[in-house]
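Inside the fold
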Amino acid sequence: MKQTPSSRSMAQPLTAPPAAASPAAAPADWLDERTGWRGLLRQALEERIPGGARWAYVFGSGLLFLLLSQIVTGVFLTFYYVPSADHAHTTVAYITKVVADGAFLRSLHAWGASLMVILIVLHVAQIMLYGAYKGKRELLWLSGGGLMALVLGMAFTGYLLPWDERAYFATAVGTNAISEVPGIGNTLKLLLRAGPGMGTLTLSRFFSLHVFIIPAGLLLFVLLHLLLFRKAGPAGPPSADPVRPAAKTEKFYPRQVLMDAGFALLLIATLTLLATLLPATLGPRANPADTRFIPRPEWYYRPLFQWLKYWEGSRVIIGLLVIPGGLALLFLGLPFFDRRAERRPWRRPFAVGIFLAVLGGLVKLGVTSYRADARNPVVAAQLARQAQQERAYMRQPFAPSTSGGAPQPAPAAAAAALNPKQAAAIADGKKIYAAQGCIACHGDAGSGTAMAPKLAGIHAKLSPAQLSALISQPTPAMSAKGMPPHFNLNTAELKHLVAYVESL
Ligand code: HEC
């Protein structure tokens, strides 16, 4: 095109632009001009670590690595998994028994969760001992606390998804424990379960929490955690000042990068070994009517499980709210209370002492729980039977079962309206309720008396299986308050009695 004399280019001659990189000739340059990735990478690799690289610093990046592994294995699991009471168990069975390397993939995911909990403990222990939460790192510490809660939330919501006996009953116990929180507990439980019982809606909700809601929170908090970490910088060894570490520094690359990578390799090896030697099992499909199943949570929830046993009746508020809440506040508030610049652990006996005491207490609670199970012959026999059932189920070839299965425990009254057999059971249960003398203490239609609490509405608190277990074997605390320890009921009578009480 011809330039006219009036064109501005006559007055301001164009200088030739610098030769722009073409994407084909130099893709890295082309990308750098548009993203600035070189600068970002340099910034990341040249981050200065006061006091130099150390193996003690690998836990944070190890957690990030495990999170990525959980995302990848989790996404693959969702290719097959269907979150409904009818399909969940059978799709997990399909993953475990049919899909190529499906059992391995699922085991990686299950063991990854356990390893994450272990790494969180190590990461927190390192920061505690090094006093690395000090020096303008309050928000970094709080974001870490948020991450910890989210990871525990992932473990809790993921546990239900296989919908086998173990998953179902452990989650029933877990959600019941939540309902003990005074004031909001029951609402919280209803919200989590999407109703008084546990069924497809519960699974959808847990699935949604496990793959959308909590992961979104996790990614957000990881981003925040990393940004705040970049801003504060590494704290360095405990001898250094938390704000202006004087120790001589070393760049993140190469030694710390190599250590982090070495640790990631160690994690891969550990996961592979665990997933191969101790693959995650799957038990028979959840049967809410099973009254004998003894639920036990994953090992990292054992201490809490044991702890809750010590608090019953009106004292639950102390065990569930006051003490854990106080400890959580103490933990989260640590960088706000502990303002001294001193970081060496032996100069901070109070903070380090409390941390070690709580950690020791948790270990003790967990060990106590396992030992109590091993020592009680009835419990030990039932747990062994359950493990045996799981192994037997694992040996069976895959058989799709998507039709109906065990009925979901709807509130008994609603079920009776649809089902004449259920109505008959409830009518019979009413007679047993009177004949066994329940009526004398718990009142007509479970309305309650001065002697015993009301039972009407108990379906929101206890599933039929739990109610049945409670009636056939009241807890010592209940017996102490006057609930007879034993009734003469056969299986059918117990079932009808439970149906009646749940219908109130
Ligand atoms: C002698 C009086 C008495 C009789 C008879 C009795 N109970 Fe109880 N029951 C109690 C007391 C007292 C409690 C409350 C214990 C507590 O607060 O922990 C209780 C608690 C319960 C609970 C737990 C309530 C809750 O909210 O956790 C259930 C369920 C129950 N009884 C069912 C029955 C059934 C069913 C029968 C008949 C087979 C029966 N009880 C007979 C006195 C009695």
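Residues numbered from 1 in each chain as written. Predicted model: local features only at pLDDT ≥ 70, side-chain atom pairs only at ≥ 80, totals over all residues. Heavy atoms only, no water.

For the rest of this paragraph, the subject is helix H7 (residues 165-179). Working note: α-helix, 3.6 residues per turn, so residues spaced by three or four point in the same direction. Compared with the 21 Å implied by 1.5 Å per residue over 15 residues, the 21 Å span of H7 between its first and last C-alpha is a close match. In terms of burial, H7 is largely enclosed, as 12 of its 15 residues are buried. Of the residues making up H7, those classed as buried are Glu165, Ala167, Tyr168, Phe169, Ala170, Thr171, Ala172, Gly174, Thr175, Asn176, Ala177 and Ser179. Those residues of H7 that are buried lie in contact with helix H6 (138-160), helix H8 (185-193), helix H9 (200-232), helix H11 (302-309), helix H12 (316-337) and helix H18 (464-472). (Helix = DSSP H or I, 4+ residues; strand = E, 2+ residues; numbered from the N terminus. Expected span 1.5 Å × (residues − 1). Buried < 20%, exposed > 50% of the residue type's maximum accessible area, 1.4 Å probe, protein only. Contact = heavy atoms within 4.5 Å.)

The domains assigned to the protein are domain 1 (43-393) and domain 2 (412-503). Between the C-alpha centres of domain 1 and domain 2 there is a distance of 38 Å. Contact with domain 2 buries area across many residues of domain 1, yet Pro196, Thr291 and Glu312 alone supply 43% of it, more than any other trio. Where domain 1 touches domain 2, the interface holds zero salt bridges. Counting every contact that joins domain 1 to domain 2 gives three residue pairs in polar contact (both at pLDDT 80 or more). Contributing elements (two or more residues each) for the side of domain 1 that touches domain 2: H7 and H8. With four residues, the single largest contributor to the side of domain 1 that touches domain 2 is H7. (Domains from an automatic or database assignment. Buried area = accessible area lost by both parts, 1.4 Å probe. Salt bridge = Lys/Arg side-chain N within 4 Å of Asp/Glu carboxyl O. Polar contact = N/O pair within 3.5 Å; in protein donor to acceptor, adjacent residues only side chain to side chain.)

Bringing the coordination of the iron atom of the ligand into the picture now. The iron atom of the ligand binds to the protein through His442 (NE2) and Met483 (SD); the donor distances cover 1.9 to 2.1 Å. Here the iron atom of the ligand is ringed by six donor atoms whose angles at the metal span 87 to 179°, and the overall shape comes out octahedral. Of this pair, histidine 442 sits in helix H17 (residues 438-442) while methionine 483 sits in the loop between helix H19 (476-480) and helix H20 (491-503), and the two are 41 residues apart along the sequence. In this structure, histidine 442 and methionine 483 share a single accessibility class: buried. (Donors = N, O, S within 2.8 Å, 3.2 Å for Na, K, Ca; no water. Tetrahedral: all angles 85-135°; square planar, octahedral: opposite > 155°, others 65-115°.)

The subject of this paragraph is the site of the ligand. The environment of the ligand is formed by 19 residues, the closest being Cys438, Cys441, His442, Lys461 and Met483. For the ligand, a nitrogen atom lies 2.7 Å from a polar atom in the side chain of histidine 442. One nitrogen or oxygen atom from the side chain of lysine 461 is found 2.7 Å from an oxygen atom belonging to the ligand. Secondary-structure elements contributing two or more residues to the shell around the ligand are H17 and H18. Sort the elements by how many residues they give to the shell around the ligand and H17 lands first, with three residues. (Near = heavy atom within 4 Å.)

Okay, the packing of helix H16 (residues 420-435) against H20 next. It is at 7 Å that the axes of H16 and H20 come closest, and there the two elements cross at 95°. Here H16 lies roughly perpendicular to H20, going by the angle between them. Contacts between H16 and H20 pair Gln422, Ala425, Ile426, Asp428, Gly429, Lys430, Ile432 and Tyr433 from the former with Glu493, His496, Leu497, Ala499, Tyr500, Val501 and Ser503 from the latter. Broken down by class, the residue content of the contact of H16 with H20 amounts to eight nonpolar, four polar and three charged. (Axes fitted to C-alpha atoms, helices over the stretch in contact; angles between N-to-C directions. Parallel < 35°, antiparallel > 145°, perpendicular 65-115°, else oblique. Nonpolar A, V, L, I, M, F, W, Y, C, P; charged D, E, K, R; others polar.)

The end-to-end C-alpha distance of helix H13 (residues 349-375), which contains 27 residues, comes to 37 Å, matching closely the 39 Å that a straight helix rising 1.5 Å per residue would cover. Within H13 the residues assigned to the buried category are Ala351, Val352, Phe355, Leu365, Gly366, Ser369 and Asp373. The secondary structure elements touched by the buried residues of H13 are helix H5 (102-130), H11, H12 and helix H14 (377-395).

Let us now look at the confidence of the model for the protein. Averaged over all residues, the pLDDT of the protein is 89; the fraction at 70 or higher stands at 92%. Across residues 1-10, where pLDDT falls below 50, the model places three contacts with residues more than four positions away in sequence or in other chains. Segment residues 403-410 is flagged for pLDDT under 50; beyond a separation of four residues in sequence, or across chains, it makes 18 contacts in the model. (pLDDT = per-residue confidence, 0-100.)

A few words now on the packing of aromatic side chains. The way to describe two aromatic rings as a pair is by their centre distance and the angle between their planes. Summed over all chains, the structure comprises 17 aromatic pairs. Each ring, one from tyrosine 94 and one from phenylalanine 398, has its centre 5.3 Å from the other, and the planes form 65°; the classification is edge-to-face. Here tyrosine 94, found in helix H4 (residues 88-97), pairs with phenylalanine 398, found in the loop between H14 and helix H15 (412-418); they are 304 residues apart in sequence, far enough to count as distant. For phenylalanine 398, a relative accessible area of 25% corresponds to the partly exposed category. Seen in terms of ring centroids, tryptophan 299 and tyrosine 300 are 5.2 Å apart; in terms of plane orientation they differ by 80°. Their pairing is edge-to-face. These aromatic residues form a ring-pair network of at least three members: Phe156, Phe206, Trp299, Tyr300 and Tyr301. Across the ring face of tyrosine 393, the terminal group of lysine 97 is positioned such that the distance to the ring centre comes to 3.8 Å. Directly above the ring of tyrosine 370 sits arginine 302, whose terminal nitrogen or CZ lies 3.9 Å from the centroid. (Phe/Tyr/Trp six-rings, centres within 6.5 Å; stacked < 30°, edge-to-face > 60°. Lys NZ or Arg CZ within 6 Å of the ring centre and 35° of its normal.)

Attention shifts here to the environment of arginine 42. If you trace the backbone, arginine 42 turns up in helix H2 (residues 37-45). Judged by its relative accessible area of 46%, arginine 42 is partly exposed. Distance from arginine 42 to proline 400, taken between C-alpha atoms, is 54 Å for residues 358 residues apart in sequence.

Between tyrosine 253 and proline 254 the backbone carries a cis peptide bond, its omega angle lying at 5°. Tracing the backbone through its elements, the reader meets proline 254 in helix H10 (residues 252-277). Phi is positive for alanine 194, which is not a glycine, with a value near 60°. Checked against the element boundaries, alanine 194 lands in the loop between H8 and H9.

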